[in-house]
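Structure assessment
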Number of protein chains: 2
Amino acid sequence: MAGDGRAASASGGLTLDDLSVGQRFESGTHALDEAQIVAFAAQFDPQRFHLDAEAARDTLFGGLAASGWHTASITMRLLVGGGAPFAGGLIGAGGEIAWPRPTRPGDVLQVFSVVQEVTPSRFKPERGSVTLLSETRNQRGEVVQTLKARLIVPRRGPAG
Amino acid sequence: MAGDGRAASASGGLTLDDLSVGQRFESGTHALDEAQIVAFAAQFDPQRFHLDAEAARDTLFGGLAASGWHTASITMRLLVGGGAPFAGGLIGAGGEIAWPRPTRPGDVLQVFSVVQEVTPSRFKPERGSVTLLSETRNQRGEVVQTLKARLIVPRRGPAG
């Protein structure tokens, strides 16, 4: 499925008219290590449980954990890289995000998505919106993030 | 207020018992430029409207715009840097995010937050949760992101 996704993306991607509720996509993988976790945290989320494995032991996380925004950013990278092969790119207006468990050094992340809604725009005939639920899982299949996003997706051709 | 926030954070931060609905916080500022936007996008969101000002003109954005996840990450940096001076750091379980307008090169971002709910944990006497609504605004006061996050915050002392 990841292969199909990449192929579709290279050929222009799926339009709103190609999408239907229940359709599933699977991304490639991203291997996360301590250096990446610390580099992201130093720039955007400098808290001890994201910066220092030793100091992280005495925190709620019980050890080094990636910033949730790092997990979100890697998820976006995997979606853009073929995990959600939509025409026009991935443009989100917003969504709901949750981190049910920490992302750890050594985790290999992969994103599994399912189309939940496909809605043509009432006022803009050239596009519509898609609600996509994406689960980011580690190498044990545990969900480290859920993201329900509303994306803007173009239609195939002129309306009518 | 940003000054108060930083002072409180340095001295250990506000516990659940120090927080009440309606309490407001204001972060420092972050000046965003094209180089930062492109660097983040190259790593996490490599789409033409985040990578190349020229190519971005023909897209829905009509010009270079920061990845929404970049705006979210800068918002976290501003919150951690004094914009939400809570004891124990900023630990989020998730939330709702929206980007009502693009973040652009040259924008100076600042985060304005208000406490919406303060809920002691029913089962863990040493902590509770706080719902914090954070607006990220540009130098014209326009909202580029809203984030409603549920944060885990410790209580002042032993329960009882």
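The structure reproduced in this document is the subject of the present report.

About the thresholds
Residues numbered from 1 in each chain as written. Chains lettered and ligands numbered in written order. Predicted model: local features only at pLDDT ≥ 70, side-chain atom pairs only at ≥ 80, totals over all residues. Heavy atoms only, no water. Buried < 20%, exposed > 50% of the residue type's maximum accessible area, 1.4 Å probe, protein only. Helix = DSSP H or I, 4+ residues; strand = E, 2+ residues; numbered from the N terminus. Arc of directions from axis to C-beta. Contact = heavy atoms within 4.5 Å. Polar contact = N/O pair within 3.5 Å; in protein donor to acceptor, adjacent residues only side chain to side chain. Least-squares fit on C-alpha atoms with pLDDT ≥ 70 in both. Salt bridge = Lys/Arg side-chain N within 4 Å of Asp/Glu carboxyl O. Axes fitted to C-alpha atoms, helices over the stretch in contact; angles between N-to-C directions. Parallel < 35°, antiparallel > 145°, perpendicular 65-115°, else oblique. Nonpolar A, V, L, I, M, F, W, Y, C, P; charged D, E, K, R; others polar. Buried area = accessible area lost by both parts, 1.4 Å probe. Pairing = 2+ DSSP bridges. Core = buried A, V, L, I, M, F, W, Y, C linked by side-chain atoms within 4.5 Å.

1. A short note on helix 2 (residues 34-44) of chain B
Given 3.6 residues to a turn, an α-helix orients residues that are three or four positions apart in the same direction. When we look at burial in helix 2 of chain B, the residues that qualify are B:Ile37, B:Phe40, B:Ala41 and B:Phe44. Along helix 2 of chain B, the residues classed as buried sweep out an arc of 100° about the axis, all on the same side. Pointing more than 90 degrees away from the buried face of helix 2 of chain B are the exposed residues B:Ala35 and B:Gln43. Elements that come into contact with the buried residues of helix 2 of chain B comprise helix 2 (34-44) and helix 5 (68-83) of chain A together with helix 3 (48-51) and helix 5 (68-83) of chain B. Structurally, the start of helix 2 of chain B carries an N-cap: the backbone nitrogen of B:Ala35 is 3.3 Å from a side-chain oxygen of B:Asp33.

2. Comments concerning the relation of the copies chain A and chain B
Least-squares fitting of chain A to chain B yields an RMSD of 0.0 Å, with the transformation described by 0.0 Å of translation along the axis and a rotation of 180°. Here the two chains are linked by the operation of a two-fold rotation axis. Proximity to the rotation axis, assessed at the C-alpha, singles out A:Glu96 in chain A; its C-alpha lies 2.2 Å from the axis. Same-surface contact between copies: 100% of interface residues of chain A are shared with the interface of chain B.

3. Overview of the pattern of salt bridges
Residues and elements named next belong to chain B. Summed over all chains, the structure comprises 10 salt bridges over all chains. Notably, a salt bridge pairs Arg-57 with Glu-54, separated by 3.6 Å at the nearest N-O pair. Judged by relative accessible area, Arg-57 falls into the exposed class, the value being 55%. When the shortest N-O distance is used, the salt bridge between Arg-137 and Glu-135 registers 3.1 Å.

4. Quick word on the packing of helix 5 of chain A against helix 5 of chain B
Each pair of packed helices can be summarised by the angle the axes make with each other and by the distance between the axes. At a minimum axis separation of 10 Å, helix 5 of chain A and helix 5 of chain B run at an interaxial angle of 170°. Judged on the interaxial angle alone, helix 5 of chain B and helix 5 of chain A are roughly antiparallel. In contact with A:Trp69, A:Ala72, A:Ser73 and A:Met76 of helix 5 of chain A, helix 5 of chain B contributes B:Trp69, B:Ala72, B:Ser73 and B:Met76. Class assignment of the residues belonging to the contact of helix 5 of chain A with helix 5 of chain B gives a composition of 6 nonpolar, 2 polar and no charged.

5. What about the interface of chain A and chain B?
Each partner contributes to the interface: chain A provides 32 residues, whereas chain B provides 32 residues. Carbon and sulfur atoms supply 68% of the area that chain A and chain B bury against each other, a total of about 2700 Å² over both sides. Of all residues in chain A, the largest losses of buried area upon contact with chain B belong to A:Phe44, A:Leu60 and A:Trp69, amounting jointly to 25% of the total for that side. Counting across the chain A and chain B interface gives 0 salt bridges. For the pair chain A and chain B, the number of links is 8 residue pairs in polar contact (both at pLDDT 80 or more). Those elements that provide at least two residues to the side of chain A that touches chain B are helix 2, helix 5, strand 2 (91-98) and strand 5 (143-154) of chain A. Residue composition of the side of chain A that touches chain B, by class: 19 nonpolar, 9 polar and 4 charged. Two elements, strand 2 of chain A and strand 2 (residues 91-98) of chain B, share 5 bridges in a ladder whose sense is antiparallel. Within the sheet, the bridge partner assigned to A:Glu96 lies in strand 2 of chain B and is B:Glu96.

6. Focus on the nonpolar core
Among the nonpolar cores identified, the biggest contains 64 residues, and A:Trp69, A:Phe86, B:Trp69 and B:Phe86 are the most heavily contacted of them. When residues no more than four places from it in sequence are discounted, the contact partners of B:Phe86 are B:Gly13, B:Leu14, B:Leu19, B:Phe25, B:Val130, B:Leu132, B:Leu151 and B:Val153.

Any link to function would need more than the numbers given here.
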